Amino acid sequence: MFGHGKHIKIFTGNAHPELAKEIADIVGVPMGNAVVGRFSDGEISVDINETVRGADVFVVQSTCAPVNDNLMELLIMIDALKRASAGRITAVIPYYGYARQDRKAKARDPITAKLVADILTAAGANRVLTMDLHAAQIQGYFNIPVDHLLGVPILAKYYQEKNFNEDEVVVVSPDLGSVTRARKFADRLHAPIAIIDKRRPKANVSEIMNVIGDVKDKYVILVDDMIDTAGTITNAANALKDMGAKEVFACCTHAVLSGPAVERIEKSAIKELVVLNTIPLPPEKHLDKIKVLSVAPIFAEAIKRIYEDLSVSRIFE
């Protein structure tokens, strides 16, 4: 199946074992035999129950909520694999926690995204495979290779298959920071874009100010990298509907959906929210209007290419 003699092994922590199993099935290898549990005092225990000496090891672990537990599981697994003489260790992090703390927004702020990068490297990771970092510059926080996958092709393909009339669709960026992502998405649908100019008076609170572009009598698709408390996306959807949009769809890569997010989405003007499964969606968050698409095929393809020392960027061509 593969071109060189090293074994490929895929392990997972407790963050998203279903995704890891799906990836392993597509790659065509069994899941690695590891048990990640807790001691009675809450400390994390890791048992790697098979040899990894000289192997090309991939550890699949989103650092989603509970972010600190999942991050520590990943770090301890990497350390255990390094001490067991694994040939190369790739941290596969579909959702990179702490990515929003990527700069000093005010005096005495930490840059936690950089700290996490340093810790992963110190633990023994040889490379990182992730998707849709909140800030692209986080790749530069690492002194090891980072392969950065994109969710836009998966999401855009879903809407292409809906066969909208191109003249009736507008792709909307919910804020100025997402304009590049929205433009790439719109290019795939051959649609124009609109931009929502908003002001955020305080954390997790957004206020719609103005819409730049024509949305009247259009099918609107809001595109973002993540939805957390859903304030931004639902306020945007309601404003677009008030401005005459026919129907409002929304999509994102990372469905964080914390706090009042599910209730807000349920009550909003969003007809359908499409998300990727970089973060597991518990049963209580499975609304009828939320559709989940899998990232397993693209991660499996990237893992195969990393293992074979082939170009990962070719996936998007």
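Just so we're clear, the structure is a prediction, and the values are computed from it rather than from any experiment. (Residues numbered from 1 in each chain as written. Predicted model: local features only at pLDDT ≥ 70, side-chain atom pairs only at ≥ 80, totals over all residues. Heavy atoms only, no water.)

Another aspect to go through is the UniProt feature "binding site: Mg(2+)" (unreviewed entry) in the protein. Taken from the UniProt record, the annotation "binding site: Mg(2+)" (unreviewed entry) applies to His134 and Asp175. Maximum C-alpha separation among the annotated residues is 13.2 Å over a sequence range of 42 residues, consistent with a single clustered spot. The subset of the named residues that lines the largest cavity consists of His134. Turning to its location among the elements, His134 is positioned in the loop between strand E6 (127–131) and strand E7 (146–149). (UniProt positions renumbered as here; feature names shortened; annotations may be inferred. 1 Å grid on protein atoms, 1.4 Å probe; cavity = no way out; pocket = protein on both sides within 12 Å on 5 of 7 lines; lining within 4 Å. Helix = DSSP H or I, 4+ residues; strand = E, 2+ residues; numbered from the N terminus.)

With that out of the way, let us pick up the domain arrangement of the protein. In terms of domain boundaries, the protein breaks down into domain 1 (8–149) and domain 2 (152–293). For domain 1 and domain 2, the distance between their C-alpha centres works out to 29 Å. The interface of domain 1 with domain 2 comprises twelve residues on the first partner and 13 residues on the second. For the domain 1 and domain 2 pair, buried surface summed over both sides reaches about 1100 Å², with 57% attributable to carbon and sulfur atoms. When the area that domain 1 buries against domain 2 is broken down by residue, the three leading residues are Tyr95, Arg100 and Asp132, summing to 44%. Viewed at the interface, domain 2 and domain 1 are joined by one salt bridge. On the surface where domain 1 and domain 2 come into contact, there are seven residue pairs in polar contact (both at pLDDT 80 or more). Here the residues of the side of domain 1 that touches domain 2 are counted per class, giving six nonpolar, three polar and three charged. (Domains from an automatic or database assignment. Contact = heavy atoms within 4.5 Å. Buried area = accessible area lost by both parts, 1.4 Å probe. Salt bridge = Lys/Arg side-chain N within 4 Å of Asp/Glu carboxyl O. Polar contact = N/O pair within 3.5 Å; in protein donor to acceptor, adjacent residues only side chain to side chain. Nonpolar A, V, L, I, M, F, W, Y, C, P; charged D, E, K, R; others polar.)

The next subject is the pattern of salt bridges. Taken as a whole, this structure holds 17 salt bridges when the rule is applied. Residues Glu73 and Arg38 are paired through a salt bridge, measuring 3.2 Å at the closest nitrogen-oxygen approach. With Glu73 in helix H2 (residues 67–83) and Arg38 in strand E2 (residues 34–38), the pair connects residues that are 35 residues apart, well separated along the chain. Among the residues examined, Arg38 registers a relative accessible area of 38% and is labelled partly exposed. A salt bridge links Lys267 to Glu263, with the shortest nitrogen-to-oxygen separation between them at 2.8 Å. (Buried < 20%, exposed > 50% of the residue type's maximum accessible area, 1.4 Å probe, protein only.)

In this structure, Ile23, Tyr159, Phe185, Ile221 and Phe299 are the most contacted members of the largest nonpolar core, which totals 44 residues. It is helix H8 (residues 296–307) that contributes the most residues to this core, eight residues altogether. Counting only domains with at least three residues in this core, you end up with domain 1 (8–149) and domain 2 (152–293). Ignoring anything within four residues of it in the chain, the contact list for Tyr159 reads Phe164, Phe185, Leu189, Ile221, Phe249, Ala250, Cys251 and Val274. Among the nonpolar cores identified, the runner-up in size contains 34 residues, and Val36, Val46, Val52 and Leu71 belong to it. (Core = buried A, V, L, I, M, F, W, Y, C linked by side-chain atoms within 4.5 Å.)

Along the chain, Ala125 falls in the loop between helix H3 (112–123) and E6. Sequence separation between Ala125 and Leu150 is 25 residues, and the spatial gap between their C-alpha atoms is 21 Å. The contacts of Ala125, once residues within four sequence positions are left out, are Ile78, Ile89, Ala91, Leu120 and Ile144.

The next point concerns the UniProt feature "binding site: D-ribose 5-phosphate" (unreviewed entry) in the protein. The feature "binding site: D-ribose 5-phosphate" (unreviewed entry), as annotated in UniProt, sits at Arg200, Asp224, Asp228, Thr229, Ala230, Gly231 and Thr232 in this numbering. With respect to the secondary-structure elements, Asp228 resides in the loop between strand E11 (219–227) and helix H6 (231–242). A polar contact is formed between the side chain of Asp228 and the side chain of Arg100, at a distance of 2.8 Å.

This brings us to H6. Spacing of three or four residues puts side chains on the same side of an α-helix, whose turn is 3.6 residues. Taking 1.5 Å of rise per residue, the twelve residues of H6 would be expected to cover 16 Å, and the 16 Å separating its terminal C-alpha atoms lies within 8% of that figure. Along H6, the residues classified as buried are Gly231, Thr232, Ile233, Thr234, Ala236, Ala237, Ala239 and Leu240. (Expected span 1.5 Å × (residues − 1).)

Another point: the pairing of strand E5 (residues 88–93). Burial analysis of E5 places six of its six residues in the buried class, the great majority of the element. Burial of the side chains of E5 extends over both faces: Arg88, Thr90 and Val92 are buried on one face and Ile89, Ala91 and Ile93 on the other. Sheet topology places strand E4 (residues 56–60) next to E5; five bridges connect them, and they run parallel. What sits directly across from Phe58, in E5, is Thr90. Read as a crossover between parallel neighbours, the route from E4 over H2 to E5 is right-handed. Taken together, the four bridges between E5 and E6 define a ladder with parallel strand orientation. For Ile93, the partnering residue across the bridge sits in E6 and is Thr130. A crossover links E5 with its parallel partner E6, the connecting element being H3, and its sense is right-handed. (Pairing = 2+ DSSP bridges. Right-handed = clockwise from strand over helix to strand, strands pointing away.)

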